[in-house]
Number of protein chains: 2
Amino acid sequence: MNELRTRYDVVVVAAGEMPKSSLANCILRNAAHVVACDGALESLLLQGIEPEAVIGDGDSITPRLKEKYKSIYHQVDEQEYNDLTKATRYALSNFDLGEKPAFCYLGAMGKREDHTLGNLSLLLHYYTHLHIAPVMVSDYGWFVPAKGSDSFASFPHQQVSIFQVDCKQLSSVGLKWEIYPFRELWQGTLNEAVGDCFAIEADGTYLVYRTHQPK
Amino acid sequence: MNELRTRYDVVVVAAGEMPKSSLANCILRNAAHVVACDGALESLLLQGIEPEAVIGDGDSITPRLKEKYKSIYHQVDEQEYNDLTKATRYALSNFDLGEKPAFCYLGAMGKREDHTLGNLSLLLHYYTHLHIAPVMVSDYGWFVPAKGSDSFASFPHQQVSIFQVDCKQLSSVGLKWEIYPFRELWQGTLNEAVGDCFAIEADGTYLVYRTHQPK
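Rules used throughout
Residues numbered from 1 in each chain as written. Chains lettered and ligands numbered in written order. Predicted model: local features only at pLDDT ≥ 70, side-chain atom pairs only at ≥ 80, totals over all residues. Heavy atoms only, no water. Helix = DSSP H or I, 4+ residues; strand = E, 2+ residues; numbered from the N terminus. Expected span 1.5 Å × (residues − 1). Buried < 20%, exposed > 50% of the residue type's maximum accessible area, 1.4 Å probe, protein only. Least-squares fit on C-alpha atoms with pLDDT ≥ 70 in both. Contact = heavy atoms within 4.5 Å. Arc of directions from axis to C-beta. Polar contact = N/O pair within 3.5 Å; in protein donor to acceptor, adjacent residues only side chain to side chain. UniProt positions renumbered as here; feature names shortened; annotations may be inferred. Phe/Tyr/Trp six-rings, centres within 6.5 Å; stacked < 30°, edge-to-face > 60°. Lys NZ or Arg CZ within 6 Å of the ring centre and 35° of its normal. Buried area = accessible area lost by both parts, 1.4 Å probe. Salt bridge = Lys/Arg side-chain N within 4 Å of Asp/Glu carboxyl O. Nonpolar A, V, L, I, M, F, W, Y, C, P; charged D, E, K, R; others polar.

As recorded in an unreviewed UniProt entry, chain A goes by Thiamine diphosphokinase and comes from Prevotella brunnea.

Following this line, the structure appears as C-alpha cells:
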C-alpha cells in the first residue's frame, strides 16, 4: 500500500516554501540522511536541524554560512541540473542506500511556480531514471509517482488528484469519480477518496496527489 | 510584443494564494470586469474590491456572505468544471467582450499544488479552446501561453522558464541558454533574459514564465 511514511532514507530540503507542519518536522527528525540545497540551509537551521550535506552552486548562500558549514558544503557548478537534482545525485553517490531508496522532498514546491512545475517533472524523472521511490510533501498535500496498478492509503473525503503521464488505460476503485485516461491535466483534479484506500489500474505512469486534510 | 499589462478585459480571482503586490492591486483596480470564485470573495473584499460577479458551487462561502452578496452571486453546481472555469465561462457569456479578450487570473496558484497544476493546464485549455488571451499572475511571476513564433518583453537577468507542450521545433534568441524541443518540463526551467526582449520560434504551443524580479 502506497502511503506517507515518517521515515525516509533521504530527505532533501529545497529552497521553496518550507513546510511548517508537525508532520514535516517529524519527517526531518526521523530521516536517515538530510541533504539541503544551499538556499534552504538557513530555514533548516532555524528549525534546529543540521543537514549531513549542503549542495548548491554557491549563488543562494551567504559567505558567512558557507564558511561556517564548509565541512559539509559541496559546491556543484554544473549548469544542466538544478539544486534538487544535484542533491539527489549527491545522496545516491555518497550514502549507502539499499535498492529503490525512499526519498522525501520538502520545500520543493511553493514560491516560484516554474520551480514547482519543474520539480514535479523531476519527481517523475527520478522515479523513472534514478530508480528511487520519491515523494514531494508540502503543508497542503503530497505527490507520489506510480506506474501500473497500485493501491493507495486514504481517508474518507481526502481530496485526491491524479495526473496521468502516458497511460492509455486508467481506472480506479474507491474514488468518488471514476478516472479515465485524461487528455488534459485538469481533468484529473477535484477527486475524493471514499474510504481508507483506493486502487488504480493503469498501463503507464501517473502522479497521485493527496491532501493532508479532508475538504 | 507579449508583455504584462495593467489593464485586462476580465480579472478572475481564485481562492489560491492572493497576490499582495502593488502590481496585482493595480491590475484589479484597472480591470474592466472583476469576477471572483466564491472562495476568494472574502480576501477580495479585504482589499477593498467588490467584484461584479461571484461564481461557485456554494461550498466555499459562508451563508452570511452569500446572503449579503446574493445580487451578484451565481451558483453553478455543475461538477465537470472547477470554479476557475465556471468564472471564465460566466464572463464570456455575460460581458460584452471583443475578439480574443484579455483575461488575467489572480489567486489561481499557490496553496494546494494540485490546483496550481490543474489551473496551469486550464490556462492552455482556455487559450486553445475558449479563444481568450489569458495570463496567470502571482507575486513571484506570471505564465502566458503562446503558439508559434512570438516575441516577449523582458529585462536583463529576468528569470525565464519555457514549458513546451507539443512543439517539434523550438528555438530562442535573447535567452541566456538556447532552448530546444525539451522532452521533460524541467529542461525548460532556469533560463534568463539577456536584454529587453526575447524571441521564440516554435511550431506548437508552450507556456512562458517570467519572474517579476531579477535573480
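Read on for the rest.
Moving on, we come to helix 5 (residues 113-130) of chain B. Working note: α-helix, 3.6 residues per turn, so residues spaced by three or four point in the same direction. All names here are of chain B. With 18 residues, helix 5 extends 24 Å from end C-alpha to end C-alpha; this agrees with the ideal 26 Å at 1.5 Å per step. The buried fraction of helix 5 amounts to 14 of the 18 residues, a majority that puts the element mostly inside the structure. With its phi angle positive at about 55°, His131 sits one or two positions after the end of helix 5.

Here the focus is the relation of the copies chain B and chain A. Its rotation angle being 180°, the transformation that places chain B on chain A also includes 0.0 Å of axial translation and leaves an RMSD of 0.0 Å. Expressed as an axis order, the relation between the two copies is that of a two-fold axis. Residue B:Gly110 of chain B places its C-alpha closer to the rotation axis than any other residue of that unit, at 3.2 Å. An overlap of 100% is found between the interface residues of chain B and their copies at the interface of chain A, pointing to a shared contact surface.

Here the focus is helix 1 (residues 22-30) of chain B. Residues and elements named next belong to chain B. Listing the buried residues of helix 1 in full gives Ala24, Ile27 and Leu28. With its buried residues spanning 100° around the axis, helix 1 presents them on a single face. Contact partners of the buried residues in helix 1: strand 1 (10-13), strand 2 (33-37), helix 2 (41-46) and strand 5 (102-106).

It is worth spelling out the side chain of B:Ser121 at this point. Note that B:Ser121 resides in helix 5. When its relative accessible area of 9% is taken as the criterion, B:Ser121 is described as buried. Here the side chain of B:Ser121 touches B:Gly118 through a polar contact of 2.9 Å, landing on its backbone oxygen. If we skip the residues at most four places from it in the chain, B:Ser121 touches A:Glu184, A:Leu185 and A:Trp186.

With that settled, consider the UniProt feature "domain: Thiamin pyrophosphokinase-like substrate-binding" (unreviewed entry) in chain A. Here the UniProt feature "domain: Thiamin pyrophosphokinase-like substrate-binding" (unreviewed entry) sits at residues 141-209 of chain A. In the segment residues 141-209 of chain A, helix accounts for 0% and strand for 51%; the C-alpha atoms at its two ends are 7 Å apart.

Before going further, it helps to spend a moment on the packing of aromatic side chains. Given two aromatic rings, their pairing is described by the distance between the two centres and the angle made by the two planes. According to the stated counting rule, one finds 18 aromatic pairs over all chains in the structure shown. Plain terms: the ring middles of A:Phe152 and A:Tyr206 are 6.4 Å apart, the flat faces sit at 65° to each other, and that makes the pair edge-to-face. Separated by 54 residues along the polypeptide, A:Phe152 in strand 8 (residues 150-153) and A:Tyr206 in strand 13 (residues 205-214) bring together distant segments of the chain. A residue is classified by how much of its surface remains accessible, and A:Phe152, at 0% relative accessible area, is buried. By relative accessible area, A:Tyr206 is classed as buried at 0%. Geometrically, the ring pair formed by B:Phe103 and B:Tyr105 is stacked, given 6.2 Å between the ring centres and 25° between the ring planes. For the pair B:Phe103 and B:Tyr105, one class covers both residues: buried. Directly above the aromatic system of A:Tyr8 lies the positively charged group of A:Arg5, at a separation of 5.4 Å from the ring centroid.

Turning our attention to the UniProt feature "domain: Thiamin pyrophosphokinase catalytic" (unreviewed entry) in chain A. Per the UniProt annotation, the sites labelled "domain: Thiamin pyrophosphokinase catalytic" (unreviewed entry) are residues 27-127 of chain A. Between the end C-alpha atoms of residues 27-127 of chain A the distance is 20 Å, and the span holds 43% helix and 17% strand.

Contact with chain B, which involves 34 residues of that partner, is made by 34 residues of chain A. Summing the contributions of chain B and of chain A, the shared interface buries around 3,100 Å²; its carbon and sulfur component is 65%. For the chain B face of the interface with chain A, the top three residues by lost area are B:Glu113, B:Leu117 and B:Trp186, together amounting to 24%. Across the pair A:Asp59 and B:Lys215 runs a salt bridge whose closest N-O atoms are separated by 3.4 Å. Here chain B and chain A share twelve residue pairs in polar contact (both at pLDDT 80 or more) between them. Secondary-structure elements contributing two or more residues to the side of chain B that touches chain A are helix 5, strand 7 (141-147), strand 9 (158-164) and strand 13 (205-214) of chain B. Broken down by element, the side of chain B that touches chain A gets its largest block of residues, ten residues, from helix 5 of chain B. Split into classes, the residues belonging to the side of chain B that touches chain A amount to 13 nonpolar, 13 polar and eight charged.

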